Amino acid sequence: MISIVKNKKPEILILNEKEWLEELMEYVKQGKEVPSTVGGRYRHNQIKQTLLSECKEKCVYCESKVTHIDYGDIEHILPKSIHRELTFSWENLTIGCSKCNTNKADYYNPDLPLLNPYTDNPENKIIFFGAIPYPTNGNAQAEMTIMKLKLDRSELVERRDEHIKKLTPLFKEFHKSKDATLKDLLLQDILEYTKPDKEFSLLTKHAIESFRITG
Ligand SMILES: [Zn+2]
């Protein structure tokens with residue numbers, strides 16, 4: 001999980017958010033079931049594309065490329081089942097993979113919220129030892145986030161392990177190299193993997209620290 005900066009609100013939302021919400025709340029007020037054509041308007045393609053670009057096509061929770069697993073779901077940071085008024089709120093919309101979304105379900109606890117990638121600086125709160133994430137200094141929010149989303153699930157740990165194995169030859173090469181120019185080139189290659197559009201970038205950053213890769 002890494003920090004994410006919100007993109008500009010898409011035009012379609014600027015134009016329609018208020019009206020969409022009014023219509024939805026009317027159904028809620030009347031105790032009627034909200035049709036998906038009304039409640040699901042946040043799935044508009046313009047909104048989804050803006051979110052995918054903001055999240056670099058990754059699940060904001062597990063940093064898997066969503067296009068690798070599935071097409072990614074638009075995810076409400078605070079569940080829309082509890083916060084109906086935030087159904088179309090730009091600040092409440094993000095991208096999650098189907099597994100993190102399913103695990104997160106309708107979790108809502110104002111006393112112990114999950115880490116919010118836009119406001120909570122998750123990079124300082126989760127640390128990787130090998131392929132396993134841990135809460136930094138026992139941070140309670142990070143602990144709940146890892147537990148609830150199952151960020152240590154075996155399928156993810158296996159993929160992270162493969163990722164580290166793929167990088168290890170580069171790390172070894174870096175340590176062996178005596179030539180300053182080559183060493184610098186290798187470092188640049190390694191640092192590419194820490195960019196926000198790369199899968200498991202936080203894991204890579206921590207692996208680099210463990211392997212004592214420095215410029
Ligand atoms: Zn995920």
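The present account deals with the structure reproduced in this document. (Residues numbered from 1 in each chain as written. Predicted model: local features only at pLDDT ≥ 70, side-chain atom pairs only at ≥ 80, totals over all residues.)

**Considering the pairing of strand β3 (residues 126-129)**
And then number 1: As judged from the 4 bridges shared by β3 and strand β4 (residues 132-135), these two strands associate in the antiparallel manner. Bridging across to β4, Ile127 finds its partner in Tyr134.
And then number 2: Counted along the chain from β3 to the antiparallel partner β4, the turn is 2 residues long, and its residue Gly130 has a positive phi close to 60°. (Pairing = 2+ DSSP bridges. Helix = DSSP H or I, 4+ residues; strand = E, 2+ residues; numbered from the N terminus.)

**Structural notes on the packing of helix α7 (residues 154-176) against helix α8 (residues 180-192)**
The relative placement of two packed helices comes down to the angle between their axes together with the axis-to-axis distance.
And then number 1: Two elements in contact, α7 and α8, have axes separated by 9 Å at closest approach and are oriented at 155°. What the angle tells us is that α7 and α8 run roughly antiparallel. Here α7 runs over α8; the crossing is left-handed. When α7 is examined against α8, the residues Leu170, Glu173 and Phe174 are found in contact with a partner set consisting of Lys183, Leu186, Leu187, Asp189 and Ile190. (Axes fitted to C-alpha atoms, helices over the stretch in contact; angles between N-to-C directions. Parallel < 35°, antiparallel > 145°, perpendicular 65-115°, else oblique. Left-handed = near helix turned anticlockwise from the far one by under 90°. Contact = placed C-beta atoms within 7 Å.)

**So, helix α1 (residues 11-29)**
And then number 1: Given a rise of 1.5 Å per residue, 19 residues ought to cover 27 Å, and the 28 Å separating the end C-alpha atoms of α1 matches this to within 8%.
And then number 2: Considering bend angle alone, the principal kink of α1 is centred on Glu17 and spans about 50°.
And then number 3: Of the residues flanking the end of α1, it is Gly31, one or two places downstream, whose phi is positive at about 70°. (Expected span 1.5 Å × (residues − 1). Bend = angle between axes of the 7 residues up to and from the residue.)

**Section: the nonpolar core**
And then number 1: In terms of nonpolar packing, the biggest core is built from 24 residues, with Cys59, Val60, Tyr61, Cys62, Ile95, Cys100 and Leu151 touching the most fellow members.
And then number 2: For this core, the element with the highest residue contribution is helix α6 (residues 140-149), accounting for 3 residues.
And then number 3: Setting aside its immediate chain neighbours within four residues, Cys62 contacts Cys97, Cys100, Leu151 and Leu156. (Core = buried A, V, L, I, M, F, W, Y, C linked by C-beta atoms within 7 Å. Buried ≥ 20, exposed ≤ 12 C-beta atoms within 10 Å, placed from the backbone.)

**Focus: unusual backbone geometry**
And then number 1: A positive phi angle is found at Glu57, which is not glycine, with a value near 60°.
And then number 2: Here Glu57 lies in the loop between α3 (45-54) and α4 (66-69).
And then number 3: For Glu57, a count of 18 C-beta atoms within 10 Å gives the class partly exposed.
And then number 4: Here Lys150, not a glycine, exhibits a phi torsion of approximately 55°, which is positive.
And then number 5: Look at Lys150 and you get partly exposed, because 17 C-beta atoms sit within 10 Å.

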